[in-house]
Amino acid sequence: MKKIFDKYFEIISYLFWGVCTTIVNWGTYSVFVAGFHWGIFLGNACSWACATLFAYVTNKLWVFQSKSWKREVVFKEFGLFVSSRLLTGTLEIIGVPFLVKMGLNYSVMGIEGLFAKVLVSVLVVILNYILSKLVIFKK
């Protein structure tokens, strides 16, 4: 079991911190919208920013173990990280309605379009991992 964990540590760690990032995203969204009574757009944008910052730190430290805190390294990594998340976020924003319009408007647990959302989310997670590993935190 330890061999398997060691072999797939990076992927396991990425998935664990991804779940934590989702909790940060949903939690801050709830606070901003329900607690502070901000609008949905502002609450969503701010929760995305909180989740992206959280994801950057956890990915840097514990997933890809990028040790440098030199200003130029952090600015480069963070700029690339935010840019890649904006790209994949745009893909999600456009992709879900596109798939629904193309006929993948299947309800899951009574939620319309959730099947398309899950498909796009899987693609986004894979792309985020690839971009992080090969572009942002490459060794």
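Given the structure is predicted, the values throughout are model-derived calculations rather than measurements.

Visitor: Tell me about helix α3 (residues 40-63), and please be specific about residues and values.
Guide: Turning to α3, its buried residues are Gly 43, Ser 47, Ala 51, Thr 52, Ala 55, Tyr 56, Thr 58, Asn 59, Lys 60 and Val 63. Elements in contact with the buried residues of α3: α2 (9-35), α4 (71-101) and α5 (114-136). Directly beyond the C-terminal end of α3, a positive phi value near 50° is found at Gln 65.

Visitor: Residues and numbers for the nonpolar core, please.
Guide: Within the largest apolar cluster, 12 residues are counted, these being Tyr 14, Trp 17, Cys 20, Ala 55, Tyr 56, Val 63, Phe 64, Val 74, Phe 81, Tyr 129, Ile 136 and Phe 137. Elements represented by at least two residues in this core include exactly α2, α3, α4 and α5. Ignoring anything within four residues of it in the chain, the contact list for Tyr 14 reads Asn 59, Val 63, Phe 64, Arg 85, Val 125, Asn 128 and Tyr 129.

Visitor: Mind laying out the packing of α2 against α3, listing which residues take part and the relevant values?
Guide: Between α2 and α3, whose axes approach to 8 Å, the crossing angle comes to 155°. One element, α2, and the other, α3, form an angle in the roughly antiparallel class. Helix-helix and strand crossings are classified by hand; for α2 and α3 the assignment is right-handed. Grouping the amino acids of the contact of α2 with α3 by side-chain chemistry returns 17 nonpolar, 9 polar and 1 charged.

Visitor: Before we move on, can you summarise a nonpolar patch on the surface with the specific residues and values?
Guide: Where nonpolar side chains cluster on the molecular surface, the patch consists of Ile 4, Phe 5, Tyr 8, Ile 11, Ile 12, Leu 15 and Val 125 and spans about 610 Å² of accessible area. Of all elements in the fold, only α1 (2-7) and α2 reach the threshold of two or more residues within the nonpolar patch. By residue number, the principal contributor to the nonpolar patch is α2, which donates 3 residues. Tyr 8 sits in the partly exposed class, given a relative accessible area of 39%.

Visitor: I'd like a description of unusual backbone geometry, backed by residues and values.
Guide: Although it is not a glycine, His 37 adopts a positive phi angle of roughly 60°. You will see that Gln 65, though not glycine, has its phi angle at about 50°, which is positive. Looking at where Gln 65 falls in the secondary structure, it is placed in the loop between α3 and α4. Residue class for Gln 65 comes out partly exposed when judged on its relative accessible area of 37%.

Visitor: Outline α4, supporting the account with residue identities and numerical values.
Guide: Relative to the 45 Å expected for 31 residues at 1.5 Å per residue, α4 spans 45 Å between its end C-alpha atoms, a close match to the ideal helical length. At Gly 95, α4 shows its strongest bend, of approximately 25°, with the proline Pro 97 following within four residues. Taken as a whole, α4 has its buried residues at Val 74, Glu 77, Phe 81, Ser 84, Arg 85, Thr 88, Glu 92, Gly 95 and Val 96. At its buried positions, α4 is contacted by α2, α3 and α5.

Cut-offs and rules
- Residues numbered from 1 in each chain as written.
- Predicted model: local features only at pLDDT ≥ 70, side-chain atom pairs only at ≥ 80, totals over all residues.
- Heavy atoms only, no water.
- Buried < 20%, exposed > 50% of the residue type's maximum accessible area, 1.4 Å probe, protein only.
- Helix = DSSP H or I, 4+ residues; strand = E, 2+ residues; numbered from the N terminus.
- Contact = heavy atoms within 4.5 Å.
- Core = buried A, V, L, I, M, F, W, Y, C linked by side-chain atoms within 4.5 Å.
- Axes fitted to C-alpha atoms, helices over the stretch in contact; angles between N-to-C directions.
- Parallel < 35°, antiparallel > 145°, perpendicular 65-115°, else oblique.
- Left-handed = near helix turned anticlockwise from the far one by under 90°.
- Nonpolar A, V, L, I, M, F, W, Y, C, P; charged D, E, K, R; others polar.
- Patch = residues over 30% accessible without salt bridge, like charges linked within 9 Å, V, L, I, M, F, W, Y side chains within 5 Å.
- Areas by Shrake-Rupley, 256 points an atom, 1.4 Å probe, with all protein chains shown as cover.
- Salt bridge = Lys/Arg side-chain N within 4 Å of Asp/Glu carboxyl O.
- Expected span 1.5 Å × (residues − 1).
- Bend = angle between axes of the 7 residues up to and from the residue.

By themselves, these figures tell us nothing about what the structure is for.
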